[in-house]
Amino acid sequence: MKEASSITTRDRAEALAAALRGFPHAMGSELTADNIMEWVRVELGHAEILDGFRPRGPILSKANPPRTILHVVAGNTPNAALQSLTLGVLSGSHNLLKLPSAAPAVSEAVQSFLAALPASLSQSVECAVELPDAWFLSAGAVIVYGSDETVAHFRGRLRSWQKFIAHGHRLSFAIIFDAAISGLAAAAARDVSLFDQQGCLSPHTIYVAENEGGGARAFAGQIAVAMKEFNEHTPRLPIDAGAAQEIQHLRSSYAFRAANDSRVDLWQSEKSTDWTVIYEEEPQFAVSCLNRLVFVKPLPPLESLPEHLRLVRPHLSSVAIAPCSESHARLLMSLGVSRICAVGQSQMPTPFWHQDGQASLATLVDWIDLEGIKSEFRCSTKA
Amino acid sequence: MPRRPTSPTDAFDAERSALAKWIVAAMRAADLGDTEFNELALAVFRHQLRWNGAYARYVQSLGGEHVDHWTQIPAVSTDVFKWESLPLVCGSPEAARFRFRTSGTTGEARGTHYFHSLDVYDASIEFAWKKLGLPHLPLYSVTLAPADWPESSLGHMVGVLLRMLPEGGGCFIEKDGRLRADALRASLQVLSPDQPVLVLGTALAFLNWFEQMDADSDSSLTLPSGSVVMETGGYKGSGRVLEKPELYRLFERHLGVSADRIINEYSMTELSSQFYTEGTGRPHRGPSWARARVVNPETRSEVEIGERGYVEVVDLANVDSVLAIQTRDLAIRSERGGFELIGRDPGALPRGCSRAADELMRNAQ
């Protein structure tokens with residue numbers, strides 16, 4: 001077993017890539033040691049700059065991770081916990097993970113992930129459900145996933161020397177500019193259905209442009225078929241009575257409206273709450289009650305879209321678009337989203353993703369600079 | 001010889017009036033048996049299919065016009081009362097002389113329950129009070145006066161109770177929402193120990209009162225022996241919720257009333273009848289003309305006794321709107337039509353990454 005001090009970024013990248021193979025959705029698809037190294041290079045300027053001094057412009061620099069990171073994760077999906085731990089382990093920090101109290105799926109995923117790491121790395125992670133007081137003070141950085149109250153709670157406890165990275169409530173949506181693109185309904189259904197909308201990348205509302213390729217109502221019918229098919233091969237996880245009742249309540253309300261208003265329509269699973277598609281012409285962004293319930297609406301004129309998103313703007317995360325092109329993306333720069341991706345890829349950001357618009361590794365590290373050293377030294381430090 | 005109806009309005013008025021008389025007579029008589037309840041429920045359902053166009057279209061869309069048992073009557077969710085463009089009323093909404101509105105929180109649409117007459121509504125309060133053996137005591141109401149609260153169903157109920165119960169007491173919240181704590185304490189302190197009273201209010205109003213008592217040390221009261229407290233739940237918009245045992249300990253500490261002398265009233269603006277329970281851990285029960293079913297949220301069929309689901313109510317007194325109401329409240333089904341509430345409005349509970357959606361909408365206002 002390697003000494004912790006002799007473990008390089010490459011060693012950690014290889015171990016993490018191997019461990020994450022069991023969690024294909026945690027960090028996006030196709031995660032290899034090489035693209036983890038590339039991620040470090042893109043964020044910090046050199047792939048091995050965590051290991052020692054490396055050239056950085058006219059000087060040498062070394063990135064220093066926090067000695068200890070406290071991760072506070074939410075119970076909605078295991079992915080946030082695995083992403084946060086991946087970041088912490090990759091940086092070489094010691095990691096303290098505060099697990100949610102009633103989320104066995106998160107605890108199980110974390111345990112499986114740690115079991116897949118070599119002991120030299122899994123030993124760098126401690127977990128607890130109850131947050132020990134000493135943990136907070138020992139952390140050089142605090143990463144929090146949770147509600148606005150949770151974020152505010154931890155922000156209020158920070159000392160001046162502690163870094164703080166917060167991931168609060170986030171909502172995502174989709175815009176279909178051309179509904180005639182093949183396979184789009186299945187792709188959109190996958191975006192909605194994966195993780196049962198518990199994650200911040202799950203679309204709540206899908207706007208569909210009305211054009212020759214089709215319209216929102218027809219697309220709503222197509223996505224309903226696709227959500228039914230998705231549910232047949234990937235059933236939704238069980239939900240509690242309160243969550244199911246929320247879906248039924250919303251369904252009943254919209255069924256009533258649909259019976260009285262031709263601008264509303266409803267598709268739903270029979271004798272279960274497995275999936276629900278609500279078509280509504282009202283352009284206001286609609287927030288789903290989660291667990292595979294999505295709103296489909298005609299795309300209003302783009303210049304009016306910011307107004308329809310106004311109430312949720314501070315919380316916007318991703319917009320999935322089809323077709324996914326730079327020209328379409330440019331149209332959406334003022335909406336307040338921090339990620340634009342192709343429909344079907346909502347749930348699979350790459351490690352290069354700026355979550356909530358922030359760099360991850362770059363935000364976490366401090367720097368030591370070494371100036372006035374001749375180029376020979378640079379060569380001698382090269383890996 | 002009665003005048004023959006000559007217009008749709010006359011026909012509606014005549015049918016509504018006859019139905020209301022039938023319902024009130026049934027309330028006055030002995031408890032409704034299953035057969036009589038079913039007969040009346042189907043009569044009210046047919047009346048509503050005929051005169052409540054929005055509901056009739058909903059029922060038709062479900063293929064549910066052919067109903068032969070009250071449990072098959074399609075229920076509407078309480079949210080439907082919020083859509084102003086679809087007033088949920090038999091006949092014309094303009095002709096409906098009375099309306100109650102839900103309180104609503106910031107940024108939330110308010111629901112409206114229309115009534116052509118409050119004859120059945122008032123009868124439901126009065127006869128349920130008598131049939132369920134609720135206390136016949138002077139009312140000290142920790143609420144606004146009914147005249148200051150014209151669109152509140154609770155305010156109206158307080159008005160009915162003030163007329164029905166022995167004189168004394170009154171309402172102790174000012175129009176501006178300020179609690180007249182000194183006047184309330186003074187009124188209660190002058191009572192002799194053998195003059196029991198009924199003190200009624202929302203849970204939130206009681207909490208505010210108790211906090212004032214705590215701030216003004218040693219101002220707790222001991223109500224006369226035999227007094228009863230009735231709390232109606234309700235923390236809406238306050239962001240505060242207390243578990244029932246904790247709330248009831250506060251009653252004991254501040255008013256000297258033990259849990260078995262505390263009644264919880266369960267109702268809502270969208271209903272016209274009330275359900276009651278005493279103490280903790282006991283099921284709510286209503287009058288024989290309002291029947292609750294606890295329904296599986298996945299299948300929408302009634303759960304077995306001891307299982308949890310959400311509450312649907314068929315309330316014959318909802319004669320002017322829709323008699324079958326789907327609530328947001330979770331409960332455990334008890335024997336003989338009772339239910340034990342396990343949480344009001346569970347949708348308000350946060351879950352998921354985007355969980356406090358309502359709250360963030362509110363914050364963004």
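Residues numbered from 1 in each chain as written. Chains lettered and ligands numbered in written order. Predicted model: local features only at pLDDT ≥ 70, side-chain atom pairs only at ≥ 80, totals over all residues. Heavy atoms only, no water.

A. Inspection of the packing of aromatic side chains at higher detail. Here the structure, examined in full by the defined rule, presents 24 aromatic pairs over all chains. Measuring from ring centre to ring centre gives 5.7 Å for Y254(A) and F295(A), while their planes differ by 70°; the resulting arrangement is edge-to-face. Pair noted here: Y254(A) is in helix α10 (residues 241–260) and F295(A) is in strand β12 (residues 293–298), with a separation of 41 residues, a long-range link. Comparing Y254(A) with F295(A), the two get one shared label, buried. Between F115(B) and Y121(B), the aromatic rings sit 5.2 Å apart at their centres with planes inclined by 80°, giving edge-to-face as the arrangement. A residue is classified by how much of its surface remains accessible, and F115(B), at 2% relative accessible area, is buried. The exposure class assigned to Y121(B) is buried, which follows from its relative accessible area of 3%. Among the aromatic residues, ring-to-ring pairing joins F206(B), W209(B), F210(B), Y248(B) and F251(B) into one connected group. For R56(A), the ring lying beneath its charged end belongs to W367(A), and the centroid distance is 4.5 Å. Between R257(A) and the ring centre of W83(B), over which it is positioned, the NZ or CZ distance is 5.0 Å. (Phe/Tyr/Trp six-rings, centres within 6.5 Å; stacked < 30°, edge-to-face > 60°. Helix = DSSP H or I, 4+ residues; strand = E, 2+ residues; numbered from the N terminus. Buried < 20%, exposed > 50% of the residue type's maximum accessible area, 1.4 Å probe, protein only. Lys NZ or Arg CZ within 6 Å of the ring centre and 35° of its normal.)

B. Here's a closer look at the interface of chain A and chain B. At the interface, 40 residues of chain A touch 39 residues of chain B. Summed over both sides, the interface between chain A and chain B buries roughly 3,300 Å², with carbon and sulfur atoms accounting for 61% of that surface. Here chain A is connected to chain B by two salt bridges. Notably, a salt bridge pairs E298(B) with R236(A), separated by 3.1 Å at the nearest N-O pair. (Contact = heavy atoms within 4.5 Å. Buried area = accessible area lost by both parts, 1.4 Å probe. Salt bridge = Lys/Arg side-chain N within 4 Å of Asp/Glu carboxyl O.)

C. Highlighting the pairing of strand β6 (residues 198–201) of chain B. Residue and element names in this part refer to chain B. In β6, alternate side chains face the same way, and those of L198 and L200 on one face and V199 and G201 on the other are all buried. The pairing of strand β4 (residues 139–144) with β6 spans four bridges and is parallel. Within β6, the position partnered with Y140 by the bridge is V199. (Pairing = 2+ DSSP bridges.)

D. Examining the sheet that holds strand β7 (residues 163–167) of chain A more closely. Residues and elements named next belong to chain A. Spatial strand order, β5-β4-β3-β6-β7: five strands in an open sheet with parallel pairing. Looking at which strands have only one partner, the edges of the open sheet turn out to be β5 (125–128) and β7. The mean inter-strand angle of the sheet, taken between neighbouring strand axes irrespective of direction, is 15°. As paired strands, strand β6 (residues 141–145) and β7 are joined by five bridges and run parallel to one another. When the bridges of β7 are listed, A141 appears paired with K163. Lying over the sheet, helix α7 (residues 148–157) contacts β3 (68–72), β6 and β7, oriented at roughly 175° with respect to β7. (Axes fitted to C-alpha atoms, helices over the stretch in contact; angles between N-to-C directions.)

E. Representation of the pattern of salt bridges. Following the criterion strictly, the structure yields 35 salt bridges over all chains and no others. D274(A) is the partner of R236(A) in a salt bridge, and the nearest nitrogen-oxygen pair spans 3.9 Å. Remark: D274(A) occurs in the loop between β10 (264–268) and β11 (276–280) and R236(A) occurs in the loop between α9 (216–233) and α10; sequence separation between them is 38 residues. For R236(A), a relative accessible area of 10% gives the class buried. The partner of R333(B) in a salt bridge is E302(B), and the shortest N-O contact between them spans 3.7 Å. Here E302(B) lies in the loop between β10 (290–295) and β11 (308–315) and R333(B) lies in strand β12 (residues 324–333), a separation of 31 residues in the sequence. Connected through shared salt-bridge partners, R293(B), R300(B), E302(B), E312(B) and R333(B) make up one network.

F. Representation of the domain arrangement of chain A within the structure. All names here are of chain A. We note that the domain assignment places domain 1 (4–168 + 356–370) and domain 2 (171–342) within chain A. Here the C-alpha centroids of domain 1 and domain 2 sit 32 Å apart. With seven residues of domain 1 at the interface, the matching set in domain 2 holds six residues. Counting each side, the surface lost to burial between domain 1 and domain 2 is near 540 Å², with a carbon and sulfur contribution of 61%. (Domains from an automatic or database assignment.)

G. Main features of helix α4 (residues 104–115) of chain A. All names here are of chain A. Over its 12 residues, α4 extends 16 Å from the first C-alpha to the last, a length consistent with the 16 Å expected when each residue adds 1.5 Å. Three or more residues of α4 are buried, namely V106, A109, V110, F113 and L114. All buried residues of α4 fall inside an arc of 130° around its axis, so they share one side. In α4, the exposed residues that point more than 90 degrees away from the buried face are P104, E108 and A115. Lining the buried residues of α4 we find α1 (9–20), α3 (79–91), β4 (94–98), α5 (119–122) and β5. (Expected span 1.5 Å × (residues − 1). Arc of directions from axis to C-beta.)

H. Broad picture of the nonpolar core. Counting residues in each nonpolar core, the largest one holds 65 residues, and the members touching the most others are F256(A), I23(B), Y55(B), I73(B), V76(B) and L316(B). When neighbours within four sequence positions are excluded, I73(B) is seen to be in contact with A41(B), F45(B), Y55(B), V67(B), L323(B) and A324(B). (Core = buried A, V, L, I, M, F, W, Y, C linked by side-chain atoms within 4.5 Å.)

I. Spatial organisation of the side chain of T143(B). Residue and element names in this part refer to chain B. Within the fold, T143 resides in strand β4. Within the structure, T143 has its side chain in polar contact with the side chain of S141 (distance 2.7 Å). When neighbours within four sequence positions are excluded, T143 is seen to be in contact with W149, V158, C171, F172, I173, L200 and G201. (Polar contact = N/O pair within 3.5 Å; in protein donor to acceptor, adjacent residues only side chain to side chain.)

J. Layout of the packing of helix α2 (residues 34–51) of chain B against helix α3 (residues 53–62) of chain B. All names here are of chain B. Viewed as axis vectors pointing N to C, α2 and α3 meet at an angle of 105°, and their least axial separation amounts to 6 Å. Comparing the axis directions of α2 and α3 gives the class roughly perpendicular. Taking contact as the criterion, the partners of F45, Q48, L49 and W51 in α2 are, on α3, G53, Y55, A56 and V59. Here the contact of α2 with α3 is composed, by residue class, of six nonpolar, two polar and no charged. (Parallel < 35°, antiparallel > 145°, perpendicular 65-115°, else oblique. Nonpolar A, V, L, I, M, F, W, Y, C, P; charged D, E, K, R; others polar.)

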